[in-house]
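Fold and geometry: a report
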Amino acid sequence: MNTPSIIAASAAQQRRLRIAARALARAKLVHAYGHCSLRLDVDHFLVCAPKPMALITSADDGVVVPVDGPLPEGVLGEVRIHQQIYRNRPELGAVIRSMPPTVMSLSTARCTPQRRHGMGSYFPAPVPLWDDPQLIRTEQQAAGVAQAVGQGNVVVMRGNGAVVAAPTLEKALVLTWYLEDAARVELQVRSAGLEAQGVVLNDEEAALRATDAGRIFERMWDYLSAGDPEATF
């Protein structure tokens, strides 16, 4: 089998990935752990520098990783998840591995957010749960996480954060924020004892509400990246 040649990421792609990484950190969706990536072509993607995202500077370029093949030296082991998702879903352009705190709390009880409000409408019902708290260190584990995402855009990992995948980096960032907001609503409803009375969007309502119109994703990207040293508006 031929080994795919490694290509270079453009300066603009590197900058976008750094902006997304720092936005995740400012929104407290990641801490010391987490990573994000951007597809470059069918055979390669760019993953952010292997350091806490809040500490990524304009000098910290990401690493080009092959979709098929061993991880380059220094790339975090869980980036295998990105490889598996890109391999299964050629239409996807970005993957984010995050640690949203409310998502994490719910997941320890094997709960994932339901579609209770507009921002929850963008996710499948139910949001899938990878029911294993272990770190992803093998190809088999990574393949299992990717299979749990399936044809959707998310998987929650029990006591271990979440993975979101989307056609663009902007959408992946925004959906990660939406997932945490859906978890916030879910936890508040449950904490108030209103779970039985709470209304969950049906498939038709969710499909109608989960719109791209009105610069929905662009406006949230602008909000989350505001103040970034490399952002331009």
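Placed above this text is the structure.
Throughout what follows, the structure given in this document is the object of discussion. (Residues numbered from 1 in each chain as written. Predicted model: local features only at pLDDT ≥ 70, side-chain atom pairs only at ≥ 80, totals over all residues. Heavy atoms only, no water.)

On to the environment of Gln-134, then. Checked against the element boundaries, Gln-134 lands in the loop between strand E5 (129–130) and helix H4 (139–149). The partly exposed category is assigned to Gln-134, whose relative accessible area is 47%. Once the C-alpha coordinates of Gln-134 and Leu-38 are considered, the two residues, 96 residues apart in sequence, prove to be 25 Å apart. (Helix = DSSP H or I, 4+ residues; strand = E, 2+ residues; numbered from the N terminus. Buried < 20%, exposed > 50% of the residue type's maximum accessible area, 1.4 Å probe, protein only.)

Here the focus is empty space enclosed by the protein. Gaps left between atoms are located by rolling a probe of water-molecule size over the structure's atoms. Counted under the stated rule, the structure contains two cavities of 30 Å³ or more. Estimated volume of the largest cavity: approximately 40 Å³. Along its surface, the largest cavity is lined by His-35, Val-47, Cys-48, Ala-49, Pro-50, Val-63, Gly-74, Val-75, Leu-76 and Val-79. Considering only enclosed or pocket space, the second largest cavity measures out at about 30 Å³ in volume. (1 Å grid on protein atoms, 1.4 Å probe; cavity = no way out; pocket = protein on both sides within 12 Å on 5 of 7 lines; lining within 4 Å. Points joined across faces, edges and corners; volume = space filled by probe spheres on them.)

Okay, the environment of Thr-112 next. Tracing the chain through its elements places Thr-112 in the loop between helix H3 (101–107) and E5. Judged by its relative accessible area of 12%, Thr-112 is buried. As for Thr-112 and Leu-55, which are separated by 57 residues in sequence, their C-alpha atoms are 30 Å apart. Ignoring any residue separated from it by four or fewer positions in sequence, one finds Thr-112 in contact with Val-127, Pro-128, Leu-129, Val-156 and Glu-186. Within the local environment of Thr-112, its side chain forms a polar contact with the backbone oxygen of Val-127, the two atoms lying 2.9 Å apart. (Contact = heavy atoms within 4.5 Å. Polar contact = N/O pair within 3.5 Å; in protein donor to acceptor, adjacent residues only side chain to side chain.)

Glancing now at the nonpolar core. Residues Leu-24, Cys-36, Met-53, Leu-175, Tyr-178 and Leu-179 are the most contacted members of the largest nonpolar core, which totals 46 residues. A total of eight residues in this core trace back to one element, the largest contributor, which is helix H5 (residues 169–191). Other than its neighbours up to four places away in sequence, Met-53 contacts Ala-21, Arg-22, Leu-24, Ala-25, Val-30, His-31, Gly-34, His-35, Cys-36 and Cys-48. (Core = buried A, V, L, I, M, F, W, Y, C linked by side-chain atoms within 4.5 Å.)

Moving on to unusual backbone geometry. Between Ala-125 and Pro-126 the backbone carries a cis peptide bond, its omega angle lying at 0°. Relative to the helices and strands, Pro-126 is located in the loop between H3 and E5. One non-glycine residue, Lys-28, adopts positive backbone phi at about 60°. Here Lys-28 falls in the exposed class, since its relative accessible area comes to 63%. With phi around 60°, Arg-110 is a residue other than glycine that occupies positive phi space.

Following the criterion strictly, the structure yields five aromatic pairs and no others. Measuring from ring centre to ring centre gives 6.3 Å for Trp-177 and Tyr-178, while their planes differ by 65°; the resulting arrangement is edge-to-face. A relative accessible area of 21% places Trp-177 in the partly exposed class. Under the relative-accessibility criterion, Tyr-178 is labelled buried at 4%. A network of ring pairs unites the aromatic residues Tyr-122, Trp-177, Tyr-178 and Phe-217 as a single cluster. (Phe/Tyr/Trp six-rings, centres within 6.5 Å; stacked < 30°, edge-to-face > 60°.)

A separate point is the layout of surface pockets. Counted as a void, the largest pocket has a volume near 270 Å³. Lining the largest pocket we find 16 residues, and of these Tyr-33, Gly-34, His-35, Leu-76 and Glu-78 sit closest to its centre. Looking at the lining of the largest pocket residue by residue, the classes come out as seven nonpolar, five polar and four charged. Volume-wise, the second largest pocket comes out at about 160 Å³. (Nonpolar A, V, L, I, M, F, W, Y, C, P; charged D, E, K, R; others polar.)

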